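Structural description and commentary
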Amino acid sequence: METFFIGIDIGTQGARVVMLDAEGAMAGSREEAFPLSVSSREEQSPQEWWDVCSRLLRGLVEDVRGSVDVGRVRAVAVTSTSGTVIPLDGEHEPLYPAIMYSDPRSAEAGARCKAAALRWHPGGYSGFNASSGLSKMVWFAEQFPEKARLISKWVHAADFITGKLCGRWGVTDYTNALKSGYDVREKIWPAYIYERLPVRREWLPEVLPSGEPIGVLLGDLSASLGLGADVRVVTGMTDGCASQVASGAVNVGDWNTTIGTTMVVKGVTKQELIDPGDRLYSHRHPEGYWMPGGASNTGGDWVSRDFSGDLAALNKQAGLLMPTGQMAWPLLQQGERFPFMAPQARGFAPSGLSEAELFTANMEGVAYVERYAYELIRQLSGEEVRAVFTAGGGSQSEPWLLIRSSVLNLPIYKMKYVSGAVGAAILAASRTFYQGLTEAGRAMTVTEKKILPVGELVGAYEEGYRQFLKILQDKGYV
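Scoring rules and cut-offs
Residues numbered from 1 in each chain as written. Predicted model: local features only at pLDDT ≥ 70, side-chain atom pairs only at ≥ 80, totals over all residues. Heavy atoms only, no water. Helix = DSSP H or I, 4+ residues; strand = E, 2+ residues; numbered from the N terminus. Buried < 20%, exposed > 50% of the residue type's maximum accessible area, 1.4 Å probe, protein only. Contact = heavy atoms within 4.5 Å. Areas by Shrake-Rupley, 256 points an atom, 1.4 Å probe, with all protein chains shown as cover. Salt bridge = Lys/Arg side-chain N within 4 Å of Asp/Glu carboxyl O. Pairing = 2+ DSSP bridges. Axes fitted to C-alpha atoms, helices over the stretch in contact; angles between N-to-C directions. Parallel < 35°, antiparallel > 145°, perpendicular 65-115°, else oblique. Nonpolar A, V, L, I, M, F, W, Y, C, P; charged D, E, K, R; others polar. Right-handed = clockwise from strand over helix to strand, strands pointing away. Phe/Tyr/Trp six-rings, centres within 6.5 Å; stacked < 30°, edge-to-face > 60°. Lys NZ or Arg CZ within 6 Å of the ring centre and 35° of its normal. Polar contact = N/O pair within 3.5 Å; in protein donor to acceptor, adjacent residues only side chain to side chain.

Glancing now at the overall build of the protein chain. Summing up its helical and strand segments, the protein chain has 16 helices and 20 strands in all. Principal axes of the C-alpha set define a box for the protein chain whose edges measure 65 × 55 × 40 Å. In the protein chain, buried positions account for 58% of the 478 residues. Excluding contacts between residues fewer than 6 apart, the proportion of contacts in the protein chain whose partners are at least 24 apart in sequence is 72%. Only carbon and sulfur atoms are counted for the fraction: they give 48% of the accessible area of the protein chain, which is about 18,500 Å².

Moving on to the pattern of salt bridges. Per the counting criterion, the structure on display carries 25 salt bridges. The partner of arginine 112 in a salt bridge is glutamate 108, and the shortest N-O contact between them spans 2.8 Å. Highlighted residues: arginine 112 and glutamate 108, both in helix H2 (residues 107–120), separated by 4 residues, approximately one helical turn. With its nearest N and O atoms 2.7 Å apart, the salt bridge here joins glutamate 272 to arginine 185. With glutamate 272 in the loop between strand E15 (263–267) and strand E16 (281–284) and arginine 185 in the loop between helix H6 (174–178) and helix H7 (191–195), this pair connects stretches of sequence that are 87 residues apart. One continuous salt-bridge network, built from bridges that share partners, spans Glu42, Glu43, Asp103 and Arg105.

With that out of the way, let us pick up the sheet that holds strand E19 (residues 412–415). Read from one edge of the open sheet, 7 strands run E16-E17-E15-E14-E18-E19-E20, paired in mixed fashion. A strand with exactly one partner marks an edge of an open sheet, and here the two such strands are E16 and strand E20 (447–451). Ignoring which end each strand starts from, the neighbouring axes of this sheet average 25° apart. Running at roughly 70° to E15, helix H9 (residues 239–247) makes contact with strand E14 (254–259), E15, E16, strand E17 (290–296), strand E18 (387–391) and E19 of the sheet.

Packing of helix H11 (residues 311–321) against helix H12 (residues 355–381) leaves a shortest axis separation of 9 Å and a crossing angle of 75°. Viewed along their axes, H11 and H12 adopt a mutual orientation that is roughly perpendicular. Residue-level contacts link Leu311, Leu314, Asn315, Gln317, Ala318 and Leu321 of H11 to Glu355, Ala356, Glu357, Phe359, Thr360 and Met363 of H12. Looking at the contact of H11 with H12 residue by residue, the class counts come to 7 nonpolar, 3 polar and 2 charged.

Counting buried residues in E18 gives 5 out of 5 residues, a clear majority hidden from the surface. Residues of E18 alternate between two faces, with Ala387, Phe389 and Ala391 on one and Val388 and Thr390 on the opposite face, all of them buried. As judged from the 3 bridges shared by E18 and E19, these two strands associate in the parallel manner. Across the sheet, threonine 390 pairs through a bridge with lysine 414, a residue of E19. A crossover connection joins E18 to the parallel E19 through helix H13 (residues 398–408); in handedness this β-α-β unit is right-handed.

For the rest of this paragraph, the subject is the packing of aromatic side chains. In this structure the tally under the stated criterion is 26 aromatic pairs. Ring centres of phenylalanine 340 and tyrosine 372 lie 5.5 Å apart, and the angle between their planes is 75°; this geometry places the pair in the edge-to-face category. With a gap of 32 residues between them, phenylalanine 340 in the loop between H11 and H12 and tyrosine 372 in helix H12 connect regions that are remote in the sequence. Residue phenylalanine 340 is classed as buried on the basis of its relative accessible area of 3%. Pairing tyrosine 368 with phenylalanine 468 gives two aromatic rings, centres 5.3 Å apart and planes at 40°, and the pair type is tilted. One end of the pair, tyrosine 368, is in helix H12; the other, phenylalanine 468, is in helix H16 (residues 455–474), with 100 residues separating them in the sequence. In this structure an aromatic cluster arises from ring pairing among Trp329, Phe340, Phe348, Tyr368, Tyr372, Tyr461, Tyr465, Phe468 and Tyr477. The side chain of arginine 196 reaches across the aromatic face of tryptophan 120, ending 3.6 Å from its centre.

With that settled, consider H9. Three or more residues of H9 are buried, namely Cys241, Ala242, Gln244, Val245, Ala246 and Ser247. One or two residues past the end of H9 sits glycine 248, with phi positive at roughly 100°.

With that settled, the discussion passes to the side chain of serine 406. Tracing the backbone shows serine 406 in helix H13. Here leucine 402 takes part through its backbone oxygen, which lies 3.0 Å from a polar atom of the side chain of serine 406. Aside from chain neighbours lying at most four places away, what touches serine 406 is Pro453, Val454, Leu457, Val458 and Tyr461.

The next thing to look at is the environment of lysine 187. In this fold, lysine 187 is placed in the loop between H6 and H7. A sequence separation of 172 residues divides lysine 187 from phenylalanine 359, and the C-alpha atoms of the two residues are 47 Å apart. If we skip the residues at most four places from it in the chain, lysine 187 touches Tyr174, Tyr182 and Arg284.

Quick look at helix H5 (residues 157–166) now. Along an α-helix, a turn takes 3.6 residues, which lines up residues three or four apart on a common side. Counting buried residues along H5, 10 of its 10 residues qualify, which places the element largely inside the surrounding structure. Every buried residue of H5 is accounted for by Ala157, Ala158, Asp159, Phe160, Ile161, Thr162, Gly163, Lys164, Leu165 and Cys166.

Structural data, given as structure tokens:
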């Protein structure tokens, strides 16, 4: 009999819920935007999240009730933004709005967290900044000491919705806990957090692998939705890791590149990837592997800014122009952070190119940066990259996919359904139906397209990549 799984994604601008069967077929989906304000980048209402989530769940179940047996829903999981945290009182009610990952007010606290980690827990996670959960905990304790005295637990965004679903609070997962200071190698909250910073040990949640069953849907909620009495609720995952899962990159040696506004690279390795240059950091895979990743300032933002015309026509022309033999790097802001650190870096392009030539050369330049990332990954991990799975707006361009596959000289896979909510649904199945996330990912990701390198392009892009590196070296960027 068919079995179904629900994934919930609480994003910055709205929420999405999906229902998948055990083979990854989409039974239904719904989404709704949040009522955002000018302060929404700093604070949002967890109760509004839950109100929207509740409506979406009811709508989803009603949408599919005539076509599937909703009594066969087995499990649900939640994904949300990394670094967003909420202080709860003893009744599990928020003492303050959710402090968003994008809130810059904790920058100074983040610098102190980083210094403390480097001094008192060397070798552990130390990449703290304004977007880190721990930075926000320290900032809040110092700014609102009266409220801080009432804190029972700090929870992450996904944890809050998980608690609302099953009534179990004070539990989080490896991926959400990392930027709150949890040591995913030793599986401990390092003592410096509560001995050297204004954070109490009892505020910190229990940490479990993502996908671990921790309860069932609350009876009233399950009854109101018309679901069974034994729908399992599992620990969640950050949105970046959930999107990686949805992309199909769940096996050792698999990597995902998402090209949206920026380019994010995430993968799976046997060993922890330790980067002395702090360009990459590693999440913990639920099965004990590692999920390293990094985010570039290079991406696809240049497309909407500089090429607002007929993209279909430009893509068609690009298919005839590649390889261009031109060197372009469409970095819109100053500074790069991954795969190399160069705060002084600026993009470049030759003058005199037609619109189509520049469009194609820009795609090639992003592909060269992507290749540099994977060469860094091979060097640091000592492991081979077997395939690249892709997502984001950049994956919609056929010539760009072909350029990237030929520059990387690797197959590229594009999945049919790639979203954080889909990743959450796969996570929901990983320990309640399958033997783990690897097995669930294999079974529930549906390949839409496979792109293979083209021989003559591989040779041309090998030479182009060498020229691109030479320019970066001459400018002092690498």
